[in-house]
Amino acid sequence: MRIDIPIRTSAPKPDLVPPASLNAPSASPLIEVSNLDLHYGTTRALKNIGIQMHGHVVTAFIGPSGCGKSTLLRCLNRMNDLIDGVRIRGSVKIAGHDIYGKDIDVIELRKRVGMVFQKSNPFPKSIYENIAYGLRLHGIRKKSEIDAIIERSLRAAALWDEVKDRLHRSAMGLSGGQQQRVCIARAIAIEPEVILMDEPASALDPIATARIEELILDLRKQFTIVIVTHNMQQAARISDYTAFFYLGELIEYDTTRKMFTNPSKKQTEDYVTGRFG
Amino acid sequence: MALHFEQELEALKTALLTMASHAEVVVSRAIQALVNRDDDLARQVQEEDSAIDRLEVEVDEQAIQLLAKAPLATDLRFIAVSMKISHDLERVGDEATTISRRSIELSKEPPLKDYVDIPHMAAIAISMLKDALDAFVARDSAKARAIIPLDKEVDRLNKQFHNALISFMIKDSETISRCLNLMVVSKSLERVADHATNVAEEVVYLCEAQDIRHSGGGAGASASTSRPTG
């Protein structure tokens, strides 16, 4: 794997910035992606992406399969580093720091930018250990402190009442929705600034999905959330901003309200009304 | 091949246009009944109202079914607007019924000598309604916007007729019941124009996603949501 940082060969184009309606115009963006190109081998999966996202909002990435939305999401905490043959050009800044800079500690980055995946992936350990593991990894050893964070995280993930009496039982015995909330609790326990979610509810039933969506809306107060979803109604329900991608390009980025009632680009209109994609 | 969803949208549009056609016809017939003192025609108008009511229920039912499929963007606006337009058209039907009732009352007495120019006012209101529905069919925002200022003219005529009818009543108490009936007719036509304005505003929203109701910029007042009492 090779990472090219940040050599700009394609013509720079202006980043799409979130409209000011939901953010103070003076606030600087928390996440700034500029002229980002990504290749998987010879396939150019992201084409000159420029987008800025503010803190404490939920941004949804939508688009047909293969449009690059998950790839861009994974660029935000360098998960693509783990894939062979990936080449990245451009810049991704979080809180002003280029996360592809040479001085970046990737482990530290992933602590600040947590991730929840499509398929819940709890460790084959107890509910307690699922959360405690990451805390210990980040140097928290005191049991009372770990206990307090576990309770706080499980409460924040709306799971505490359901599992408080069986914290030391295997997380694998929980339902799919509960497992996903364990993963969210695990992600928020280490207090990231940003939580990336890659179709976190796509494998869940409507009740479990509704709980995850409620949770996302609650977590927005504390964290910045970027979510990839194929479910446009879900994006409409939970996100403040929506970005539409197609064939590796960012086509349109605006408030969710605008994107789902009156998108500016025909491609977006056609996609959200189910006429292509 | 059209998507099933598109076919359902088309069916909704057809139901709405059927309703629109009935609404236009009943207002024209109500005025015709009034002018020609034709009680049979007036009674036909009243019978027609239940067909419009049934169509309103049908349009709303289809719209609810479509909303359950979680439409977005233009589709969402179209369905929301269809429900509102059907509501306006149902009210137009009610106004036609009111006019026809008053027409039957008026035909029991001799006509007033200096009849206020109800047909002129009716022509403007009916043409506003027709144009608003044409704009809906053609999704023509400019045409819809052009209708909105006409509402002021209908308001002005209503006020003018109102004052003229008060003068009649002061001069000759024998005309009171006829004048009151004509006042109701004039008010009903003014409401038809309000509903046409509402439809025009909905068409602008459908085309531009811009809500121009109550914006004051010549858009005119929206129709009252209270049912007519005549």
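Residues numbered from 1 in each chain as written. Chains lettered and ligands numbered in written order. Predicted model: local features only at pLDDT ≥ 70, side-chain atom pairs only at ≥ 80, totals over all residues. Heavy atoms only, no water.

1. Re the packing of aromatic side chains
Residue and element names in this part refer to chain A.
- For the coordinates displayed, the defined rule picks out 5 aromatic pairs over all chains.
- Each ring, one from F61 and one from F245, has its centre 5.0 Å from the other, and the planes form 65°; the classification is edge-to-face. Remark: F245 occurs in strand β9 (residues 241–246) and F61 occurs in strand β3 (residues 58–62); sequence separation between them is 184 residues. Judged on exposure class, the residue F61 and its partner F245 are both buried.
- Consider the rings of F244 and Y271, whose centres lie 5.0 Å apart with planes at 25°: the pair is stacked. (Phe/Tyr/Trp six-rings, centres within 6.5 Å; stacked < 30°, edge-to-face > 60°. Helix = DSSP H or I, 4+ residues; strand = E, 2+ residues; numbered from the N terminus. Buried < 20%, exposed > 50% of the residue type's maximum accessible area, 1.4 Å probe, protein only.)

2. Focus: the side chain of B:S100
- Here B:S100 is to be found in helix α3 (residues 73–106).
- Leaving out residues up to four positions away in the same chain, B:S100 has contacts with B:A30, B:A42, B:V45 and B:Q46. (Contact = heavy atoms within 4.5 Å.)

3. Things to note about the confidence of the model for chain B
- With 91% of its residues at a pLDDT of at least 70, chain B reaches an overall mean of 90.
- Low confidence marks residues 217–230 of chain B, where pLDDT is under 50. Its contacts with residues over four positions away, or in another chain, come to 37 contacts. (pLDDT = per-residue confidence, 0-100.)

4. Remarks on unusual backbone geometry
All names here are of chain A.
- Within the chain, E191 stands out as a residue other than glycine whose phi angle is a positive 50°.
- Along the polypeptide, E191 turns up in the loop between α6 (176–189) and β7 (194–198).
- At L247, a position not held by glycine, the phi torsion is positive, near 50°.
- Positionally, L247 belongs in the loop between β9 and β10 (249–255).

5. Points about the sheet that holds β10(A)
All names here are of chain A.
- With respect to topology, 6 strands assemble into an open sheet ordered β6-β7-β8-β3-β9-β10, the strand pairing being mixed. With one partner strand each, in any of the chains shown, β6 (113–116) and β10 form the two edges of the open sheet. Between one strand axis and the next, the sheet turns through 20° on average, direction left out of account.
- As paired strands, β9 and β10 are joined by 6 bridges and run antiparallel to one another. Its bridge partner lying in β10, F244 is registered against E252.
- The strands touched by α6 within the sheet are β6 and β7, with β6 carrying the most contacts at an inclination of about 175°. (Pairing = 2+ DSSP bridges. Axes fitted to C-alpha atoms, helices over the stretch in contact; angles between N-to-C directions.)

6. Here's the deal with the sheet that holds strand β1 (residues 31–40) of chain A
- Ordered by their spatial adjacency, 4 strands build an open sheet running β2-β1-β4-β5 (chain A), and the pairing between neighbours is antiparallel. The sheet terminates laterally at β2 (43–53) and β5 (97–98) of chain A, the two strands that pair on one side only.

7. A look at the packing of helix α6 (residues 150–171) of chain B against helix α7 (residues 176–208) of chain B
Residue and element names in this part refer to chain B.
- Where α6 contacts α7, the two axes come as close as 9 Å, and the packing angle between them is 175°. The angle between α6 and α7 falls in the class roughly antiparallel. Between α6 and α7, the contacting residues are D151, V154, D155, N158, F161, H162, L165, I166, F168 and M169 on the first element and I176, C179, L180, L182, M183, S186, K187, L189, E190, A193, D194 and T197 on the second.
- Of the residues belonging to the contact of α6 with α7, the class tally is 13 nonpolar, 4 polar and 5 charged. (Parallel < 35°, antiparallel > 145°, perpendicular 65-115°, else oblique. Nonpolar A, V, L, I, M, F, W, Y, C, P; charged D, E, K, R; others polar.)

8. A look at the interface of chain A and chain B
- Each partner contributes residues to the interface: chain A has 11 residues there, and chain B has 12 residues.
- Interface area for chain A against chain B, summed over the two sides, is near 930 Å², with a carbon-plus-sulfur share of 50%.
- On the chain A side of the contact with chain B, A:Q233, A:T261 and A:R275 bury the most area, a combined 48% of that side's loss.
- Viewed at the interface, chain B and chain A are joined by 2 salt bridges.
- Close ionic contact of A:R275 with B:D75 constitutes a salt bridge, the shortest N to O distance being 2.8 Å.
- Run the count over chain A and chain B and you get 6 residue pairs in polar contact (both at pLDDT 80 or more).
- Breaking the side of chain A that touches chain B down by element, the ones donating at least two residues are α8 (232–238), α9 (256–261) and α10 (266–272) of chain A. (Buried area = accessible area lost by both parts, 1.4 Å probe. Salt bridge = Lys/Arg side-chain N within 4 Å of Asp/Glu carboxyl O. Polar contact = N/O pair within 3.5 Å; in protein donor to acceptor, adjacent residues only side chain to side chain.)

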